[in-house]
Amino acid sequence: MFDIQYDADGKVVCTGRLDAAQCAKGQAFMDEIAESSTLDFAQLEYISSAGLGILLKTQKRLAESGAALKIINVNNHIYDVFHYSGFHAIFDIKAK
Amino acid sequence: MKRAFARSNDSLTALYEFAEDILEAGDVVDAARFAVHLALEELFVNMVKYNPDTKGDIDVEVTVEDKVTVTLTEYGAAEFDVTVPKNVDTNASLEERTPGGLGVYLIQNLTDSLDYQYSDGRSRVIFTKESGI
């Protein structure tokens, strides 16, 4: 199960497992983001390359207007995946 | 334990639950479980994506002994050797990066061993991961 929604502070809260089957839901939400935003991964347990693709696509689109995604509360397993993928150099990432 | 899964990304939840039950029963540590789930999903999704004309199920076997061993087998598939080194420039700038290509790269980096066998349309991938027990 994967869920994505805004919290009361305007952060984008991701919950559950972002696998290839959940990409359409994640992409549809991210496509609506038009300004710099913070993604809270405190409740995100898992991400695969399909989810990484969504993040990269969104970051590239936002960069065209000088905006960017920031990702906070990343668990150590997802943090390792970001590191392997080189995402730590193209995203502002904060571990849990 | 072995089970056949329908060739669809809709199988991913059942695939996760199948593997997780075995890994949990085998007391596999969290970090290894995460890596096994990730490699398993990437391999399964590749089989679904790159053999769209193949209708048969994908057989998945997961065992935990001194290490976790996962075997995925499909039939009537084109050859796709996932052990061929995948070069991804992880130092590329945002402008240079393009979505895609990370799946095989992650598989090759997160598994301890990775083997591919192909014969008469039978495509089989076997990977292992230390269980951390």
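Conventions we followed
- Residues numbered from 1 in each chain as written.
- Chains lettered and ligands numbered in written order.
- Predicted model: local features only at pLDDT ≥ 70, side-chain atom pairs only at ≥ 80, totals over all residues.
- Heavy atoms only, no water.
- Contact = heavy atoms within 4.5 Å.
- Buried area = accessible area lost by both parts, 1.4 Å probe.
- Salt bridge = Lys/Arg side-chain N within 4 Å of Asp/Glu carboxyl O.
- Polar contact = N/O pair within 3.5 Å; in protein donor to acceptor, adjacent residues only side chain to side chain.
- Helix = DSSP H or I, 4+ residues; strand = E, 2+ residues; numbered from the N terminus.
- Nonpolar A, V, L, I, M, F, W, Y, C, P; charged D, E, K, R; others polar.
- Pairing = 2+ DSSP bridges.
- Right-handed = clockwise from strand over helix to strand, strands pointing away.
- Axes fitted to C-alpha atoms, helices over the stretch in contact; angles between N-to-C directions.
- Parallel < 35°, antiparallel > 145°, perpendicular 65-115°, else oblique.
- Left-handed = near helix turned anticlockwise from the far one by under 90°.
- 1 Å grid on protein atoms, 1.4 Å probe; cavity = no way out; pocket = protein on both sides within 12 Å on 5 of 7 lines; lining within 4 Å.
- Points joined across faces, edges and corners; volume = space filled by probe spheres on them.

Caption draft 1: How the structure looks around the interface of chain A and chain B. Listed as interface residues are 24 residues of chain A and, on the opposing side, 25 residues of chain B. On the chain A side of the interface with chain B, the three residues burying the most area are A:Y46, A:H77 and A:Y84, jointly 27% of the side's total. Along the contact surface separating chain A from chain B lie zero salt bridges. On inspection of chain A and its partner chain B, the count reaches 10 residue pairs in polar contact (both at pLDDT 80 or more). Residue assignment for the side of chain A that touches chain B shows that the elements contributing at least two residues are β3 (37-47), α2 (49-63) and α3 (76-85) of chain A. Broken down by element, the side of chain A that touches chain B gets its largest block of residues, eight residues, from α2(A). Split by residue class, the side of chain A that touches chain B holds 12 nonpolar, seven polar and five charged.

Caption draft 2: Here's a closer look at the pairing of β3(A). Residues and elements named next belong to chain A. For strand β2 (residues 12-18) and β3, the ladder comprises six bridges, and the chain directions are parallel. Bridged to V12 within β3 is L39. A crossover links β2 with its parallel partner β3, the connecting element being helix α1 (residues 23-30), and its sense is right-handed. In the sheet, β3 pairs with strand β4 (residues 69-74) via four bridges, with the strands oriented parallel. Among the inter-strand pairings, D40 is bridged to a residue of β4, identified as I72. What joins β3 to β4 is α2, and the crossover it makes is right-handed.

Caption draft 3: Region of interest: the packing of α1(A) against α2(A). All names here are of chain A. At a minimum axis separation of 10 Å, α1 and α2 run at an interaxial angle of 15 degrees. Relative to α2, α1 is oriented roughly parallel. In the crossing of α1 with α2, the sense of the turn from one axis to the other is right-handed. Counting all contacts with α1, which are made through C23, G26, Q27 and M30, the residues of α2 involved are A50, G51, I54, L55, K57, T58 and R61. Here the contact of α1 with α2 is composed, by residue class, of five nonpolar, four polar and two charged.

Caption draft 4: Focus on the layout of surface pockets. Taken as a whole, the largest pocket spans an internal volume of roughly 600 Å³. A:S49, B:N46, B:K49, B:G100 and B:G101 are, among the 30 residues lining the largest pocket, the residues nearest its centre. Within the residue set of the lining of the largest pocket, elements represented by two or more residues are α1 and α2 of chain A together with α2 (30-50) and α3 (102-110) of chain B. Here the element with the most residues in the lining of the largest pocket is α2(B); it accounts for seven residues. Along the lines of polarity and charge, the residues of the lining of the largest pocket split into 15 nonpolar, nine polar and six charged. Estimated volume of the second largest pocket: approximately 220 Å³. Contributing to the lining of the second largest pocket are 15 residues, with A:E45, A:H77, B:Y16, B:D30 and B:F34 lying nearest its centre. When contributions to the lining of the second largest pocket are tallied by element, the ones reaching two or more residues are β3 of chain A together with α1 (12-25) and α2 of chain B.

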